[in-house]
Amino acid sequence: MRNILKIGKLSKKLLFSLLTVLVLTTNALASEPIETEKNGSLTIENFYGEQALTGVSFSVYRVAEVSANGWFTLLSAYENSGADVNNLTKAKDWQKAANTLTAWVQTQKLPPDTRQATNSKGIASASDLKTGLYLVIGEKTQIGKNVYTCSPSLVSIPEEKPE
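Read on for an overview of the structure. Everything quoted here is computed from the prediction, not taken from an experiment. (Residues numbered from 1 in each chain as written. Predicted model: local features only at pLDDT ≥ 70, side-chain atom pairs only at ≥ 80, totals over all residues. Heavy atoms only, no water.)

1. Points about unusual backbone geometry
Then, in step 1: For the bond running from Ile 157 to Pro 158, omega is 5°, close enough to zero to count as cis.
Then, in step 2: Within the chain, Lys 109 stands out as a residue other than glycine whose phi angle is a positive 55°.
Then, in step 3: Topologically, Lys 109 is positioned in the loop between helix H2 (91-108) and strand E6 (114-117).
Then, in step 4: When its relative accessible area of 71% is taken as the criterion, Lys 109 is described as exposed.
Then, in step 5: In this structure, Asp 128 is a non-glycine residue whose phi angle is positive, near 60°.
Then, in step 6: Within the secondary structure layout, Asp 128 lies in strand E7 (residues 123-130).
Then, in step 7: Judged by relative accessible area, which is 59%, Asp 128 ranks as exposed. (Helix = DSSP H or I, 4+ residues; strand = E, 2+ residues; numbered from the N terminus. Buried < 20%, exposed > 50% of the residue type's maximum accessible area, 1.4 Å probe, protein only.)

2. Points about the environment of Val 63
Then, in step 1: As for its placement among the helices and strands, Val 63 is situated in strand E4 (residues 57-66).
Then, in step 2: For Val 63, a relative accessible area of 0% puts it in the buried group.
Then, in step 3: The sequence separation of Val 63 and Leu 154 amounts to 91 residues, and the corresponding C-alpha distance is 9.2 Å.
Then, in step 4: Contact partners of Val 63, with chain neighbours within four places excluded, come to Thr 73, Leu 74, Leu 75, Tyr 78, Leu 101, Leu 133, Leu 135 and Leu 154. (Contact = heavy atoms within 4.5 Å.)

This is the structure in structure tokens:
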């Protein structure tokens, strides 16, 4: 009787392990590969409270390419920046990478891939962008007596959709 119970417990553990592997494999297979040959667009909405900020200039830099499975590879101009673009699990990780890349862009005097200014509705757009990871840097802007600054941001094209 004891041997049967041991086998039963072992079978339950084995079954649980197999189910765990099956669930993890199913989740991994569920995410669709990125179509790296498609282009995308970026829309920036720049507001302070309800007020649209017009004429604010944004520089957009493509800093990394992305593989079909979502892995980023820094482009050659950014390889020595020290930025980690693949372990971005928290907002502070994204901000740290954006700050590192911003400092690199400034010290290396790299030109942006595109530069856009916000319109009367506070919106700036860039289209026909290759897939990849983009650094977006907004210029400090004075409107009237007020000075506005934007934190640099990293944006993935295409955007990763939450499950």
